[in-house]
Amino acid sequence: MQDKLNEIEKAALESLAAVGDPAAVEAWRVTHLGRSSELMGVFSSLGKLSKEERPVVGAAANRVKVALEAALEEKAAAVKNAALAKSLAEEKLDVTLPGRAKNIGRLHPSTQQLRRVLAILAEMGFQVFTSREVETDDMNFQMLNFPLHHPARDMQDTFFVEAENRGDNPILMRTHTSPGQIHAMRKFAATNPSDPPPIRIALPGMCFRYEQITARSEVQFNQVEGLAVGKNITFADLKGTIADFVRRMFGEGARLRFRASYFPFTEPSAEVDVECFVCGGKGCQVCKNSGWLEILGCGMVHPNVLMNGGYDPKVYSGFAWGMGPERQLMLRNKVGDIRYFWGNDVRFLEQF
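Residues numbered from 1 in each chain as written. Predicted model: local features only at pLDDT ≥ 70, side-chain atom pairs only at ≥ 80, totals over all residues. Heavy atoms only, no water.

### As for the overall build of the chain
Logical step 1: Per the secondary structure count, the chain includes 11 helices and 10 strands.
Logical step 2: In terms of C-alpha radius of gyration, the chain reaches 39 Å, well past the compact-globule figure of 20 Å for 352 residues.
Logical step 3: With the C-alpha coordinates of the chain rotated into their principal frame, the extents come out at 115 × 55 × 35 Å.
Logical step 4: Taking all 352 residues of the chain together, the buried fraction comes to 44%. (Helix = DSSP H or I, 4+ residues; strand = E, 2+ residues; numbered from the N terminus. Rg over C-alpha atoms; globule rule 2.2 N^0.38 Å. Buried < 20%, exposed > 50% of the residue type's maximum accessible area, 1.4 Å probe, protein only.)

What follows is the structure, given as structure tokens:
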């Protein structure tokens, strides 16, 4: 058995000398030190030997095992060092090359514009108030003076959520941020029902409408609602606020106009246009060849809406508006198609 162990050791060391890469080193280990190797077979046969032979053969087998493991470790280190030396010699690294710049992301242009709008309104004393995007028909329409089957609802076809037994109060994706007016007024009125505090808030958020997608309309869009409620608030306060906002947003030379309009939740109502910056007032597809681009709708809060919010219309009055940040961004940057904002084209987004 001693002669067999010497032969195993000699053959293993001779084959190890010819090994030259990491894969061959691993193959050698499996062949000569693995469970199925001849050396491990000697350990398995120790039980068949006599009591006198067993310790002698076991000690000799352990000596061979230790010797082979030491030789393997030395060979593996030599192969690794040789591979490293070869890599350094063949794969030279030019440390004088400039490093690769990291592509750092930034805010979406719609988010940038939304924050710009809210920053201006904050300077004017408006506090941000957020409300949910999933609403009930009652809050989205009925509390805002849109009775059931009111024709004005046709302009705000929306996405409804499947829910059973809702009757005339289905669940839907809000079509405007105006439901936030009711939420806000009720929250503030609850603090002192007999004498509710004044309100001056901005309500930002995403809205959804089932519309034809064109250069100036999308099925989803951001909106910022403004609401001021208090005693002795007049339409003059509304015009002054809007005019000041337009000057802060578009510059002192920006031209604007008020046009009489109709909204169920305000009376009287108006739409505000700014001269089209894309065509300079000459007419284009963005402004429908009118030279003007609507940026918001506004008006004095309807008495029914005030009452639904917990404010006595005989004592309190207020004004409200709703504006689209993407529409304003188109004006500021002469963007000809609102669909660019949701197309996820990096070439467009990287310009902001």
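### A few points about the pattern of salt bridges
Logical step 1: Throughout the structure, instances matching the rule amount to 12 salt bridges.
Logical step 2: Close ionic contact of E271 with R259 constitutes a salt bridge, the shortest N to O distance being 2.7 Å. Separated by 12 residues along the polypeptide, E271 in strand β8 (residues 266–275) and R259 in strand β7 (residues 256–263) bring together distant segments of the chain.
Logical step 3: Taking relative accessible area as the criterion, E271 reaches 15% and is therefore assigned buried. (Salt bridge = Lys/Arg side-chain N within 4 Å of Asp/Glu carboxyl O.)

### Considerations on the environment of R115
Logical step 1: Note that R115 resides in helix α5 (residues 109–123).
Logical step 2: Judged by its relative accessible area of 53%, R115 is exposed.
Logical step 3: Residues R115 and P325 lie 210 residues apart in sequence; the distance between their C-alpha atoms is 9.3 Å.

### Re the sheet that holds β7
Whether parallel or antiparallel, the strands of a sheet pair through hydrogen bonds between backbone atoms.
Logical step 1: Taken in spatial order, the seven strands make up an open sheet running β1-β5-β6-β10-β9-β8-β7, and their pairing is mixed. In the strand order of this sheet, the two ends are held by β1 (127–128) and β7, each with one partner.
Logical step 2: Of the strand pairs in this sheet, strand β5 (residues 199–208) and strand β6 (residues 220–230) are connected by 10 bridges, and their pairing is antiparallel. Paired with I199 across the bridge in β6 is V229.
Logical step 3: Strands in contact with helix α8 (residues 235–250) are β7, β8, β9 (292–301) and β10 (317–323); relative to β10, the strand with the most contacts, it is inclined by about 30°. (Pairing = 2+ DSSP bridges. Contact = heavy atoms within 4.5 Å. Axes fitted to C-alpha atoms, helices over the stretch in contact; angles between N-to-C directions.)

### Looking at the packing of helix α2 (residues 22–33) against helix α4 (residues 53–90)
Logical step 1: Packing of α2 against α4 brings their axes to within 10 Å, and their N-to-C directions diverge by 175°. Accordingly, the angle class assigned to the pair α2 and α4 is roughly antiparallel. Residues P22, V25, W28, R29, H32 and L33 of α2 lie in contact with α4, whose contacting residues are K65, L68, E69, L72, A76 and V79. (Parallel < 35°, antiparallel > 145°, perpendicular 65-115°, else oblique.)

### What about the packing of aromatic side chains?
Logical step 1: For the coordinates displayed, the defined rule picks out 10 aromatic pairs.
Logical step 2: Seen in terms of ring centroids, F146 and F265 are 5.7 Å apart; in terms of plane orientation they differ by 40°. Their pairing is tilted. Of this pair, F146 sits in the loop between α6 (137–140) and β3 (160–161) while F265 sits in the loop between β7 and β8, and the two are 119 residues apart along the sequence.
Logical step 3: Ring geometry for F159 and Y210: centres 6.0 Å apart, planes at 80°, overall edge-to-face. Of the two residues, F159 is situated in the loop between α6 and β3 and Y210 in the loop between β5 and β6; the sequence distance between them amounts to 51 residues.
Logical step 4: Within the aromatic cluster, the residues linked to one another by ring pairs are F141, F146, F263 and F265.
Logical step 5: In this arrangement the basic side chain of R200 is found over the ring face of F126, its NZ or CZ atom lying 5.9 Å from the centre.
Logical step 6: Sitting over the ring of F258, K239 keeps its end group 5.2 Å from the ring centre. (Phe/Tyr/Trp six-rings, centres within 6.5 Å; stacked < 30°, edge-to-face > 60°. Lys NZ or Arg CZ within 6 Å of the ring centre and 35° of its normal.)

### Re the nonpolar core
Logical step 1: If you look at the biggest cluster of nonpolar residues, it comprises 34 residues, and the most contacted ones within it are L121, V224, F245, F250, I295, L296 and W321.
Logical step 2: Among the secondary structure elements, those contributing two or more residues to this core are α5, β6, α8, β8, β9 and β10.
Logical step 3: With six residues, α8 is the single largest residue contributor to this core.
Logical step 4: Beyond its immediate sequence surroundings of up to four residues, L121 is in contact with F126, A202, V224, F245 and W321.
Logical step 5: Grouped together as the second largest cluster of nonpolar side chains are 25 residues, F129, F141, F263 and V305 included. (Core = buried A, V, L, I, M, F, W, Y, C linked by side-chain atoms within 4.5 Å.)

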